[in-house]
Amino acid sequence: SFVIDGFKTLHKLEQLRIQFAKRPQGTSYIFKGLLHLPLLKTFSLEIKFLKDQDWALLGQFLNGQSNLQTLELVMNFEPFTKDQYFKDNAHIESIITNLDNKPLLRSLQLESPFWSLETLSKGLSHLTMKNQLEKFIFEASDETITSDTKTWKRVEGLCNFIKNQKGSLKYLMVYLP
């Protein structure tokens, strides 16, 4: 609880970068503490993996961030099971879909070799933002083996999203391992 209490006192914090080389015990308290930080302009999280409860808290936290200008989510640990892979992809799609209420967002980084390109595309297809992002970085894997959807359909939402940013986008990095 000292983590939550500590976060409650950071009333003026505008930038938070969290990087976990390993997932320590008690990480869920960090996510509970995030709910008490309403003024962030920059949020960066690099972590091996998230548990279902962490995804829910992260989503709740991001929904409350009305000043967010930079969002970076990086996950680099292979899901333990195929079921977990599908759950993680459903969670990231939900997180992306809910970014539409972030009018100040200028920089978006979504990186994991274990997120599906199709999932990112589906999430981005729900965003109505136009000429808002200046920087967009993403990493995902193309599921040509596990998806029977035509290639252009799997990336249509992503391509349309990038086209919608053509008047503002200054930096684009695409990484498909």
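Below you will find a few notes about this structure. These numbers were taken from a predicted model, which means no experiment stands behind them.

Rules used throughout
Residues numbered from 1 in each chain as written. Predicted model: local features only at pLDDT ≥ 70, side-chain atom pairs only at ≥ 80, totals over all residues. Heavy atoms only, no water. Helix = DSSP H or I, 4+ residues; strand = E, 2+ residues; numbered from the N terminus. Buried < 20%, exposed > 50% of the residue type's maximum accessible area, 1.4 Å probe, protein only. Polar contact = N/O pair within 3.5 Å; in protein donor to acceptor, adjacent residues only side chain to side chain. Contact = heavy atoms within 4.5 Å. Pairing = 2+ DSSP bridges. Axes fitted to C-alpha atoms, helices over the stretch in contact; angles between N-to-C directions. Phe/Tyr/Trp six-rings, centres within 6.5 Å; stacked < 30°, edge-to-face > 60°. Lys NZ or Arg CZ within 6 Å of the ring centre and 35° of its normal. Salt bridge = Lys/Arg side-chain N within 4 Å of Asp/Glu carboxyl O. Parallel < 35°, antiparallel > 145°, perpendicular 65-115°, else oblique. Nonpolar A, V, L, I, M, F, W, Y, C, P; charged D, E, K, R; others polar. Right-handed = clockwise from strand over helix to strand, strands pointing away.

Moving on: the side chain of Glu72. Position of Glu72 relative to the elements: it lies in strand 3 (residues 70-75). A relative accessible area of 13% means that Glu72 is categorised as buried. A polar contact of 2.9 Å, which involves the side chain of Glu72, links it to the side chain of Arg17. One polar contact links Glu72 to Ser44, side chain to side chain, over a distance of 2.8 Å. Non-local contacts of Glu72, meaning those with residues more than four positions away in its chain, are made with Arg17, Phe43, Ser44, Leu45 and Gln109.

It is worth spelling out the sheet that holds strand 2 (residues 42-47) at this point. A sheet is described by the order of its strands in space; here 6 strands give the open sequence 1-2-3-4-5-6, paired in parallel fashion. Two strands bound the open sheet, and with one partner strand each, they are strand 1 (15-19) and strand 6 (171-175). On average, each strand axis in the sheet is tilted by 5° relative to the strand beside it, whichever way the strands run. As judged from the 5 bridges shared by strand 1 and strand 2, these two strands associate in the parallel manner. Across the sheet, Gln15 pairs through a bridge with Thr42, a residue of strand 2. Sitting on the sheet, helix 3 (residues 52-63) touches strand 2, strand 3 and strand 4 (107-116), and the angle it makes with strand 2 is about 170°.

Most of helix 2 (residues 27-34) is tucked away: 6 of the 8 residues are buried. Listing the buried residues of helix 2 in full gives Thr27, Ser28, Ile30, Phe31, Gly33 and Leu34. Its buried side turned inward, helix 2 meets helix 1 (2-8), strand 1, strand 2 and helix 3.

This structure, assessed with the given rule, holds 5 aromatic pairs. Between Phe43 and Phe61, the ring centres sit 4.8 Å apart and the planes meet at 65°, which makes this aromatic pair edge-to-face. Separated by 18 residues along the polypeptide, Phe43 in strand 2 and Phe61 in helix 3 bring together distant segments of the chain. We classify Phe61 as buried; its relative accessible area is 2%. Look at Tyr85 and Phe86: their rings are 5.3 Å apart centre to centre, the planes differ by 70°, and that puts the pair in the edge-to-face class. An aromatic cluster of three or more residues is present, and its members are Phe136, Phe138 and Phe161. Above the face of the Tyr171 ring, Lys135 is positioned so that its terminal group lies 5.5 Å from the ring centre.

Here we come to the pattern of salt bridges. Under the criterion given, the structure shown has 6 salt bridges. The salt bridge involving Arg17 is made with Glu72; its shortest N-O contact spans 2.9 Å. Highlighted residues: Arg17 in strand 1 and Glu72 in strand 3, separated in sequence by 55 residues.

Before going further, it helps to spend a moment on the packing of helix 3 against helix 4 (residues 82-97). Pairs of packed helices are described in terms of their axes, by the angle between the two and the distance that separates them. Direction vectors running N to C along helix 3 and helix 4 enclose 5°, while the axes themselves pass 10 Å from each other. As summarised for this structure, helix 3 and helix 4 are arranged roughly parallel, according to the angle between their axes. Across the interface between the two elements, Asp52, Trp55, Leu58, Gly59 and Leu62 of helix 3 pack against Gln84, Lys87, Asp88, His91, Ile92 and Ile95 of helix 4. Per-class residue counts for the contact of helix 3 with helix 4 are 5 nonpolar, 3 polar and 3 charged.

Looking now at the pairing of strand 3. Across the 6 residues of strand 3, 6 count as buried, placing the element largely inside the fold. Judged by which residues are buried, strand 3 turns out to be covered on both faces: Thr70, Glu72 and Val74 on one side and Leu71, Leu73 and Met75 on the other are all buried. In this sheet, strand 3 lies alongside strand 2 in parallel orientation, the contact comprising 6 bridges. For Glu46, the partnering residue across the bridge sits in strand 3 and is Val74. Of the crossover connections in this fold, the one passing from strand 2 over helix 3 to the parallel strand 3 is right-handed. Relative to strand 4, strand 3 runs parallel, the two being bridged by 5 bridges. Each bridged residue has a counterpart across the sheet, and for Leu73 the counterpart in strand 4 is Leu110. Since strand 3 and strand 4 lie parallel, the crossover through helix 4 that links them has a hand, and here it is right-handed.

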